[in-house]
Structures are given as C-alpha cells and as structure tokens.
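One letter stands for each residue in the lines below.
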Amino acid sequence: MRVLSGIQPTGRPHWGNYFGAIIQYIALQDAEQAYYFIANLHALTTVRDKSLLRQYSLDAARDLLALGLDPHRAVLFVQSDVPEVSELCWILLTGTPMGLLERCHAFKDKKAKGLIADAGLFTYPVLQAADILAYDSDTVPVGEDQVQHIEVCRDLAGSFNHQFGEVFVLPKAKVLDNSARVPGTDGEKMSKSYNNTLAVFEDAKAQRKQIMRIATDSRPMEDPKDPASDILFMLYSLVASERECEELAAMYRHGGFGYGDVKKKLAESAEAFFADARSRRNDWESRPDDVRDILRAGAAQARTKAAQVLARAQEACGLKGI
Ligand code: ADP
Ligand code: TRP
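Residues numbered from 1 in each chain as written. Chains lettered and ligands numbered in written order. Predicted model: local features only at pLDDT ≥ 70, side-chain atom pairs only at ≥ 80, totals over all residues. Heavy atoms only, no water.

Caption draft 1: Main features of the site of ligand 1. Taken together, 17 residues surround ligand 1, and among them H14, D145, V182, S191 and K192 come closest. Contact between ligand 1 and G16: a nitrogen atom at 3.2 Å from a main-chain N or O atom of the residue. Taking 540 Å² as the accessible area of ligand 1 by itself, protein coverage stands at 85%. In terms of residue class, the shell around ligand 1 is built from 4 nonpolar, 8 polar and 5 charged. (Near = heavy atom within 4 Å. Polar contact = N/O pair within 3.5 Å; in protein donor to acceptor, adjacent residues only side chain to side chain. Areas by Shrake-Rupley, 256 points an atom, 1.4 Å probe, with all protein chains shown as cover. Nonpolar A, V, L, I, M, F, W, Y, C, P; charged D, E, K, R; others polar.)

In structure tokens form, the structure reads like this:
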C-alpha cells in the first residue's frame, strides 16, 4: 500500500481535523510507503501573509510530529519543496474539462456566496491530483469532504492513461466511518470557519472553559436522553475509553444527571487523551531546526519519487525525447 495525504497549513488543528483526518495518517504510517506533506501551495489560495504562511507551515509539521507521525516510518515534507508536482499539475490541467472543476465544492460554494474565486482556487483539485499521482499513491486517507477531490484525481488519471498509456496509478480515498463528521461546540460541523472548534493543542484550563460553555438543551435532569444525538456524548466518545462510553450511555438512558457533570468528564478525558501529544508539541516547539532537517530530508526523498513519475508522464505525452 502506498499512502499519501496532505494537510493545509491554515491554522491550529482542531478535533475535527484530528479525528476526521490526521488520526488516519498516523495509523497508516506503517504502510509499505507513506508520504505526508504540508500543502502550502494550496494554502496560498487563502493565506496571503508571508510570515503567517511560513509560521503555519512549520507549525503544521510540529503538530503532525507531536501527534505521532514518525519521520523514520513516513516521509514528511513541504509541498512546494517538490517542484515536480507543479509541473505535473500543468500536464494534468491541459486535459481537465472546465465543467469538472465547476462542479467542485470549494469553488461552487465560494461562487454561490457571491465571492470572486481566483484560478488557484478553481484549479485547486488538479494540483491535489498532481500531489497524489506524483508518488504512485494508491490510498489517500482524507476527511469526508475531500472524497470529491479524489474522484477528480481518478477521472484525470484515467483519461490521461486512456490517451497516453498506463502512466498513473488510480488512487482510492480512505475515510473513517465513525468520525467522518465531528460536531463543533454549537452542534454544527466543527470548522474553523464557524468559530466552533476545540483545538487539539489547547491549554487544558482554556479547553475546560470552552467545554463548560457548550450549549445544552433544557430538558429536566430526570428525563432519560438519547446519547447518540447529543454533542457532549459524541465528543466524549472520541476521547474516552469504550467502557467509559458505555457507562455514560447508560447514564443518559437512565436520566437523572446534569450536563455540567458530563462536561467535567469530557474535559478530564480530553486532557488525558491529548496530554502526551501536548507535551511532545512543546518539545518540538523548542527544536525548529530539527523540524527543518526532517522536512529537508523528506523533500529529498519525495523528489526522487516524483521525478520518476513526472519523467514517465513527460515521456508518454511527447514532452521528452524531442
Ligand atoms: P476547516 O473546516 O476547519 O477549515 P479543513 O477544511 O482545513 O478544516 O479540513 C482539513 C481536514 O480535516 C480535511 O480532511 C477535513 O475533512 C477534516 N475535517 C475538518 N473538519 C472536520 C470535521 N468536523 N469532522 C471530520 N473531519 C473534519
Ligand atoms: N485539500 C486537502 C485539504 O484541504 C489537502 C490536500 C492537498 C490533500 N493535496 C492533497 C489531501 C492530496 C490529500 C491528498 O484537506
């Protein structure tokens, strides 16, 4: 299995990012080959401040390392350090129907809101396809909202192969079922655009405060409640053990408890769950040069692979051998 995924350096990771996407990256790092990169070229479509983009990029690498990504088992690098991908992107762009990109969510949503999209956002899925195809990736762990982009990648790779011969490996998306949509503190999908996030690398005290502020319903304490439809329970099930979840579910069905107690349990479990990662994060914070070394070594490895695939594509469509 050849696994690849990218994470945009656009801010601090929240529980949705972790349980919806990052947790899978870490779990899959023992695949035959695993490539993970910081998608700074994609982030450039929204982050337009150079020091912020640099900061976010280094932070994203620190976050992944703190969450358990092991540079000895997986290749970790920054997207723009592999220029072969941008060349491959152009090759793919030449065969991309406009209609295919017009149907993609990110562009459609922005247009529907009356905002002006630039060509970078419009062609975003093609760069993503180049990211995936450049390493012969067959498995792409992503959150649910990225599945459409993997389908675009398969379409583009399939039509290139059809025209020019078998050059690209067709990848498959891998989505986790149970945490495909992590709720935010307001019950909507957790997202930094909705201001309803719980950050992974949060100070325990600050996180406790955020959890205590989660809005709950006003049904009487005695009433039995359905755990499956409750935000607190859903969040708790991400950070508590199976036994703890069963106990809390039984308490919900029985009734006679206050949400304040559930919030305390949630805050305690979250603190325990993220404690190691938070302490490792502090450690990486103080070693920026070690992080840069890891990224440099990762980019060198990634470039070797991407150069082979790019050469194959160039050869197949007549850009080489003139
Ligand atoms: P945001 O919505 O906060 O801007 P991104 O779009 O940057 O988050 O998402 C990065 C990754 O995290 C994607 O793969 C996405 O599917 C996943 N993700 C984001 N929010 C959630 C969520 N609430 N539940 C599950 N996965 C999520
Ligand atoms: N678009 C992805 C996101 O927003 C990030 C990304 C860029 C990516 N290139 C990729 C994910 C290639 C998987 C494979 O989360």
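Let's pick the thread back up.
Caption draft 2: Structural context of the nonpolar core. Counting residues in each nonpolar core, the largest one holds 56 residues, and the members touching the most others are W15, Y36, L76, L235 and L266. Looking at which element gives the most residues to this core, the answer is helix α13 (residues 259-285), with 8 residues. In terms of domain composition, this core takes at least three residues from each of domain 1 (2-181 + 287-317) and domain 2 (192-281). The contacts of Y36, once residues within four sequence positions are left out, are V3, S5, Y25, L28, Q29, L69, A74, V75, L76 and F77. (Core = buried A, V, L, I, M, F, W, Y, C linked by side-chain atoms within 4.5 Å. Buried < 20%, exposed > 50% of the residue type's maximum accessible area, 1.4 Å probe, protein only. Helix = DSSP H or I, 4+ residues; strand = E, 2+ residues; numbered from the N terminus. Domains from an automatic or database assignment. Contact = heavy atoms within 4.5 Å.)

Caption draft 3: Quick peek at helix α3 (residues 50-66). Across its 17 residues, α3 extends 24 Å between first and last C-alpha, which sits within 8% of the 24 Å expected from 1.5 Å per residue. The complete set of buried residues in α3 reads L53, S57, L58, D59, A60, A61, R62, D63, L64, L65 and A66. The backbone nitrogen of S51 has a side-chain oxygen 3.1 Å away, supplied by the residue at the start of α3, namely D49. With its phi angle positive at about 115°, G68 sits one or two positions after the end of α3. (Expected span 1.5 Å × (residues − 1).)

Caption draft 4: Expanded view of the packing of helix α8 (residues 124-133) against helix α9 (residues 147-164). Relative to each other, α8 and α9 sit at 70°, their axes nearing to 9 Å. Considering the angle they form, α8 stands roughly perpendicular to α9. Taking contact as the criterion, the partners of Y124, P125, V126, Q128, A129, I132 and L133 in α8 are, on α9, H149, I150, V152, C153, L156 and A157. Residue composition of the contact of α8 with α9, by class: 11 nonpolar, 2 polar and no charged. (Axes fitted to C-alpha atoms, helices over the stretch in contact; angles between N-to-C directions. Parallel < 35°, antiparallel > 145°, perpendicular 65-115°, else oblique.)

Coordinates in, geometry out; function isn't part of it.
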